[in-house]
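Given next are the chains, with one letter for each unit.
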Amino acid sequence: VAVTIGALHLAGSPFEIQVNSGKTAACASHAEGTGWQRRVLVGEDVEFTIHAYDAQGNPQNRPLDTFLVTLTPRSRGNHAVQLRPSYLGGGANLVRYQVLQPGSYVLSVTLRGYHIKESPFNLVAGSGFFSDGASSARHHTLCHRSAFPT
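Since the model is a prediction, treat every value here as computed from it, not as a measurement.

Here the focus is the overall build of the protein. Broken down by element type, the protein carries 0 helices and 12 strands. Counting from the amino terminus, the protein carries its helices and strands in the arrangement β-β-β-β-β-β-β-β-β-β-β-β. Split into buried and exposed, the 150 residues of the protein put 33% on the buried side. Restricting to contacts in the protein with at least 6 residues of sequence separation, those with at least 24 account for 63%. With an accessible surface of roughly 9400 Å², the protein has 54% of that area assigned to carbon and sulfur atoms.

Attention now goes to the packing of aromatic side chains. Tallied over the entire structure, the rule returns 3 aromatic pairs. Their ring planes at 45° and their centres at 5.0 Å tell us that tryptophan 36 and phenylalanine 48 sit as a pair that is tilted. Of the two residues, tryptophan 36 sits in the loop between strand E3 (30-32) and strand E4 (39-41) while phenylalanine 48 sits in strand E5 (residues 46-51), which places them 12 residues apart along the sequence. Take phenylalanine 48: its relative accessible area is 0%, and that puts it in the buried class. With a centroid separation of 4.8 Å and an interplanar angle of 85°, the aromatic rings of tryptophan 36 and phenylalanine 121 are classed as edge-to-face. Note that tryptophan 36 is positioned in the loop between E3 and E4 and phenylalanine 121 in strand E12 (residues 121-126), a separation of 85 residues in sequence. Its relative accessible area of 4% is what places tryptophan 36 among the buried residues.

A word on the environment of lysine 23. Structurally, the position occupied by lysine 23 is in the loop between strand E2 (8-9) and E3. The sequence separation of lysine 23 and arginine 62 amounts to 39 residues, and the corresponding C-alpha distance is 9.6 Å.

Another aspect to go through is the layout of surface pockets. For the largest pocket, the calculated volume is near 300 Å³. If you trace the largest pocket, you find 17 residues lining it, with Leu71, Pro73, Val81, Leu100 and Tyr105 closest to the centre. The dominant element in the lining of the largest pocket, judged by the number of residues it contributes, is strand E10 (residues 103-111), at 3 residues. Tallied by class, the residues present in the lining of the largest pocket amount to 9 nonpolar, 7 polar and 1 charged.

Read across the sheet, 4 strands follow the order E3-E5-E9-E8 without closing on themselves; strand pairing throughout is antiparallel. For this open sheet the edge positions go to E3 and strand E8 (86-89), each flanked by a neighbour on one side alone. Taken over all neighbouring pairs, the strand axes of this sheet differ in orientation by 30° on average, direction set aside. Bridge count for E8 against strand E9 (residues 92-97) is 3 bridges, and the pairing is antiparallel.

By size, the foremost hydrophobic cluster in this structure holds 23 residues, and its most contacted members are Phe48, Ile50, Tyr97 and Leu107. Those elements that provide at least two residues to this core are E5, strand E6 (67-73), E9, E10 and E12. In terms of residue count, the dominant contributor to this core is E10 (4 residues). Once residues within four sequence positions are removed from consideration, tyrosine 97 is found in contact with Gly35, Val40, Glu44, Asp45, Val46, Phe48, Leu71, Leu83, Leu107 and Leu123.

Once that is clear, we can look at the pairing of E5. Counted residue by residue, E5 has 5 buried out of 6 residues, so it is predominantly covered. Here 3 bridges tie E3 to E5, and the two strands are oriented antiparallel to one another. Pairing of histidine 30 across the sheet is with histidine 51, part of E5.

Cut-offs used in this document
- Residues numbered from 1 in each chain as written.
- Predicted model: local features only at pLDDT ≥ 70, side-chain atom pairs only at ≥ 80, totals over all residues.
- Heavy atoms only, no water.
- Helix = DSSP H or I, 4+ residues; strand = E, 2+ residues; numbered from the N terminus.
- Buried < 20%, exposed > 50% of the residue type's maximum accessible area, 1.4 Å probe, protein only.
- Contact = heavy atoms within 4.5 Å.
- Areas by Shrake-Rupley, 256 points an atom, 1.4 Å probe, with all protein chains shown as cover.
- Phe/Tyr/Trp six-rings, centres within 6.5 Å; stacked < 30°, edge-to-face > 60°.
- 1 Å grid on protein atoms, 1.4 Å probe; cavity = no way out; pocket = protein on both sides within 12 Å on 5 of 7 lines; lining within 4 Å.
- Points joined across faces, edges and corners; volume = space filled by probe spheres on them.
- Nonpolar A, V, L, I, M, F, W, Y, C, P; charged D, E, K, R; others polar.
- Pairing = 2+ DSSP bridges.
- Axes fitted to C-alpha atoms, helices over the stretch in contact; angles between N-to-C directions.
- Core = buried A, V, L, I, M, F, W, Y, C linked by side-chain atoms within 4.5 Å.

The values are spatial; any link to function lies outside them.
Shown next as C-alpha cells:
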C-alpha cells in the first residue's frame, strides 16, 4: 500500500500487507489424489492432498489445522488406522498410505469433528485392475451451519 502526501511518499511507504484467510471450515475443504478414490490396489502406495479453505472459499495460508484421517476396515476384528497428514504449505496437507489387505474400507477426513467434502466414503481395495473405470468419490457432504467456525 502506497501512502503519499502530495507527491511524496510517507516514510516507509509503500507498505507491505498480508491478508490471512479465516478459520478453516471443514465443509469448504476438499481432497484429491490417487488415494482419494473409491478403488485402490492392494499394496500400492497411494496419496491424496487435503486442501484447506475458510468459509468464504479462501485457501488457508497458515498451518493451523489438525485433520483427522481414518481408514476403517468394514470386516469384523480389524481396527481403524489413523493416517498422518504432512503439511505442505498453502493450506495443503499430504496423506500417504498403503492398503495391505483386500476388502471394503471407509475413508474419512474430519476437522474439529466435521467431515470435509466427499467424506466419508467407501473404498474397495483389490488386486489387479478394476474394469468399470469407477474411481473418484461422488458422495456429497451437506454443510451444516454449525460447521462454519465463528
